[in-house]
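Tertiary structure, described
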Amino acid sequence: MKNIVRSVKGTRDFYPDEMARRAWLVEKLKAASEAFGYQRYEGPCLETIDLYAAKSGEELVKEQAFVFEDRGGDPITLRPELTPTLARMVASQQNELVFPLRWWAFGPFWRYERPQKGRTREFYQWNIDLIGSDSVQADAELLAVAANFLSLVGLRADMVQILINDRRLMDRKLTEIGIGTQTKPELLKLIDRIDKQPADIWEKNVTDLGLSAGQVDAIKVLLANTDLWQESEELSQVFEYVRALGVGEYIRYEPKIIRGLDYYTGLVFEAHETKGDFRAILGGGHYANLVADVGGQPLPGVGFAMGDVVVMLVLEAYGLLPSNLSYPGTVFVTVFDEKMLVESIKLTKELRESGFNVILAEPDKLGKQFKLADRLGVKFALVLGPDEFANGTVTVKDLRSFEQRSILRTEIGSIF
RNA sequence: GUGCCUGUAGCUCAAUGGCAGAGUGCUUCACUGUGGCUGAAGAUGUUGAGGGUUCGACCCCCUUCAGGCACCCCA
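Since we're looking at a predicted model, the values are computed, not measured.

Examining unusual backbone geometry
With an omega dihedral of 0 degrees, the bond running from phenylalanine 99 to proline 100 counts as a cis peptide bond. Note that proline 100 resides in the loop between helix H4 (83-92) and strand E5 (101-110). At phenylalanine 402, a position not held by glycine, the phi torsion is positive, near 70 degrees. Turning to its location among the elements, phenylalanine 402 is positioned in the loop between strand E15 (393-398) and strand E16 (404-408).

Written out as structure tokens, the structure reads:
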């Protein structure tokens, strides 16, 4: 490479094609959100470190947030997640807002991590939450939003599954096995990682927590039991409701799903590509108290987050990313020669008045102009040459089908 | 933050210490009113960067940057 100043590690440049794909993604998740009555909101990208300090002990903030001093010397954080911002926004308007809230957001986030596939330092995330309800109905609704989104972008249930579990159920089962309250949080984290660690190392880690051989075996049996959900009234209802919502085939019980975040208290879920080649596409769950750490009345809710990186990789792998997004409604007007230039300019004006987006070429060989139009990805190219001008017509060529026809210039607005 | 792998033309990759190449793409022409085909010609590199070893380095060594894989964490 030449001496071009480098971009910041872990950031991405969005050239028009990629920007069009991101806009397409936003369009889809917006549609999925709004179909269930969710409203868009946004918070600042810059926050004080105090907002996150409330969640002390979280590695996310301590080790993975970008923190720097502003010119006044105050510590500023580039937001690594949206939940604390959401909590603040809800807490400070708690008496005016109409609950339950149905809110969604899409924006950039930053985490100082080692970049690799599906993980960058600057990424975009869709956050969606239903706040102020503790019901199973709310849990099922969020699962349905996620499933509807997957369906909207063309990911079928055989490609992506939403794996669900319930922390209350797991807590109960661990108690039955005789696991103490102090051991549970660490053990749950290990369960969450069981598929990432070699079996012997995992077993050693569990034993190190003080579990007996009999308890380790009992946990293995537990984690292999995909019918365990039947022992949970809530999960049984979730399955009933998501079937009624028409997305039952996307939802599957998986006892290994725990989620790393501490604040989940009930339902937890992750969407995974079924062949297992990717990180989780989205993840979320039910929390008992959103605003506890920032002051305010306790508020339960359920929500999930989806990063832009993994879902786009999955969509690409399945060939589901739409092409030719750059110039969807644009027509390309060729310029036959210098003499026809002014008349061609007038044609572009007429087209724009009819509501078209128009690109005007510069005089050149027609072949070159058509090639340019083709490479730009526009669908229609127009020719206004001496013959057309004499007849009061324009030649319209569909660059995809190679068909072309002659139409009256006075009817230009109604032809496409 | 830990361990390992990779980095050569716009892109995908060759060249195992001895003249930096191919495919594809790109430009021009065949084609004086038409882009996907065909044929012909042409252009393109500080081999990621910096240093070292050597008569000689894409190749070996060191440093650094970037990407990837597994941890960690999570979207």
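Observations concerning the sheet that holds strand E2 (residues 46-48)
Taking strand neighbours across the sheet as the criterion, the 3 strands line up as E2-E4-E3 in an open arrangement whose pairing is antiparallel. Pairing within the sheet leaves two strands with one partner each, and these edge strands are E2 and strand E3 (66-69). The sheet shows a mean angle of 40 degrees between the axes of neighbouring strands, taken without regard to direction.

Here's the deal with the pairing of strand E9 (residues 264-273)
Across the 10 residues of E9, 8 count as buried, placing the element largely inside the fold. With 7 bridges joining them, strand E7 (residues 160-166) and E9 adopt antiparallel strand pairing. In the sheet register, leucine 163 faces E9, and the bridge partner there is glutamate 270.

Digging into the domain arrangement of chain A
Each domain of chain A was delimited in the assignment, giving domain 1 (16-43 + 82-317) and domain 2 (330-414). Between domain 1 and domain 2, the C-alpha centre-to-centre distance is 51 Å.

Here we look at the sheet that holds strand E13 (residues 357-360)
Whether parallel or antiparallel, the strands of a sheet pair through hydrogen bonds between backbone atoms. As summarised here, the arrangement of the 5 strands in space is E13-E12-E14-E15-E16, forming an open sheet in which the pairing is mixed. The sheet is open, and its two edges are formed by E13 and E16, each paired on a single side. In this sheet, neighbouring strand axes are inclined to one another by 30 degrees on average, regardless of whether the strands run parallel or antiparallel. Strand direction decides the pairing type here: strand E12 (residues 330-333) and E13, joined by 4 bridges, are parallel. Bridged to threonine 330 within E13 is asparagine 357.

Remarks on helix H13 (residues 366-376)
Along an α-helix, a turn takes 3.6 residues, which lines up residues three or four apart on a common side. For H13, the full list of buried residues reads Gln369, Phe370 and Ala373. Relative to the axis of H13, the buried residues are bounded by an arc of 100 degrees and lie together on one face. Facing away from the buried side of H13, by more than 90 degrees, are the exposed residues Gly367, Lys368, Lys371 and Arg375. In this structure, the buried residues of H13 make contact with E12, strand E14 (380-383) and E15. One or two steps after H13, the chain reaches glycine 377, where phi turns positive at roughly 90 degrees.

A word on the packing of aromatic side chains
Where two aromatic rings form a pair, the distance of their centres and the angle of their planes describe that pair. Throughout the structure, instances matching the rule amount to 11 aromatic pairs. Ring geometry for phenylalanine 66 versus tyrosine 112: centroids 5.3 Å apart, planes at 80 degrees, classification edge-to-face. Here tyrosine 112 lies in the loop between E5 and strand E6 (122-131) and phenylalanine 66 lies in strand E3, a separation of 46 residues in the sequence. When the ring of tryptophan 126 is compared with that of phenylalanine 304, the centres are 5.1 Å apart and the planes differ by 85 degrees; the resulting orientation is edge-to-face. With tryptophan 126 in strand E6 and phenylalanine 304 in strand E11 (residues 301-307), this residue pair connects regions lying 178 residues apart in the sequence. Phenylalanine 304 matches tryptophan 126 in its accessibility class, with the two residues each being buried. Among the aromatic residues, those joined into a ring-pair cluster are Trp126, Phe149, Phe269 and Phe304. Against the face of phenylalanine 109 rests arginine 79, its NZ or CZ located 4.3 Å from the ring centre.

Observations concerning the packing of helix H7 (residues 184-192) against helix H8 (residues 199-208)
Contact geometry for H7 and H8: axes closest at 10 Å, N-to-C directions at 175 degrees. Of the possible angle classes, the one that applies to H7 and H8 is roughly antiparallel. In this structure, H7 uses Leu187, Leu190 and Ile191 to contact H8, whose residues at the interface are Trp202, Asn205 and Val206. Partitioning the contact of H7 with H8 into residue classes produces 5 nonpolar, 1 polar and no charged.

Here's the deal with the environment of isoleucine 257
With respect to the helices and strands, the residue isoleucine 257 is situated in the loop between strand E8 (251-253) and E9. Excluding residues within four positions of it along the chain, isoleucine 257 makes contact with Leu163, Asn165, Asp192, Val268, Phe269 and Glu270.

What about a positive patch on the surface?
Together, Lys189, Arg193, Lys196 and Arg279 give the surface a local cluster of positive charge. Mapped onto the elements of the fold, arginine 193 is located in the loop between H7 and H8.

Observations regarding the layout of surface pockets
Over the atoms a probe the size of a water molecule is rolled, and this reveals where empty space is left. Within this model, the second largest pocket holds a volume of roughly 300 Å³. Around the second largest pocket sit Arg12, Asp13, Phe14, Glu18, Arg21, Arg22, Asp308, Val309, Met312, Leu313, Glu316 and Leu321, which together line it. Per-element accounting of the lining of the second largest pocket gives the leading share, 5 residues, to helix H11 (residues 308-317). Residue composition of the lining of the second largest pocket, by class: 5 nonpolar, no polar and 7 charged.

Overview of the protein's contact with RNA strand B
Neighbouring residues of RNA strand B: 48 residues in total, closest Lys117, Arg259, Lys368, Glu388 and Phe402. Protein-proximal atoms of RNA strand B, defined as those within 4 Å of the protein, fall in sugar or phosphate at a share of 53%. Measuring from a base nitrogen of RNA strand B, one finds a backbone N or O atom of leucine 399 at 2.6 Å. Counting only elements with at least two residues in the surface near RNA strand B, the list comes to E6, E11, H13, helix H14 (386-391) and E15. Counting residues per element, the surface near RNA strand B draws most heavily on H13, at 7 residues. Here the surface near RNA strand B is built from residues that sort into 15 nonpolar, 12 polar and 21 charged.

What counts and what doesn't
Residues numbered from 1 in each chain as written. Chains lettered and ligands numbered in written order. Predicted model: local features only at pLDDT ≥ 70, side-chain atom pairs only at ≥ 80, totals over all residues. Heavy atoms only, no water. Helix = DSSP H or I, 4+ residues; strand = E, 2+ residues; numbered from the N terminus. Pairing = 2+ DSSP bridges. Axes fitted to C-alpha atoms, helices over the stretch in contact; angles between N-to-C directions. Buried < 20%, exposed > 50% of the residue type's maximum accessible area, 1.4 Å probe, protein only. Domains from an automatic or database assignment. Arc of directions from axis to C-beta. Contact = heavy atoms within 4.5 Å. Phe/Tyr/Trp six-rings, centres within 6.5 Å; stacked < 30°, edge-to-face > 60°. Lys NZ or Arg CZ within 6 Å of the ring centre and 35° of its normal. Parallel < 35°, antiparallel > 145°, perpendicular 65-115°, else oblique. Nonpolar A, V, L, I, M, F, W, Y, C, P; charged D, E, K, R; others polar. Patch = residues over 30% accessible without salt bridge, like charges linked within 9 Å, V, L, I, M, F, W, Y side chains within 5 Å. Areas by Shrake-Rupley, 256 points an atom, 1.4 Å probe, with all protein chains shown as cover. Salt bridge = Lys/Arg side-chain N within 4 Å of Asp/Glu carboxyl O. Lys, Arg positive; Asp, Glu negative; His and termini not counted. Charge placed at Lys NZ, Arg CZ, Asp CG, Glu CD. 1 Å grid on protein atoms, 1.4 Å probe; cavity = no way out; pocket = protein on both sides within 12 Å on 5 of 7 lines; lining within 4 Å. Points joined across faces, edges and corners; volume = space filled by probe spheres on them. Near = heavy atom within 4 Å. Polar contact = N/O pair within 3.5 Å; in protein donor to acceptor, adjacent residues only side chain to side chain.

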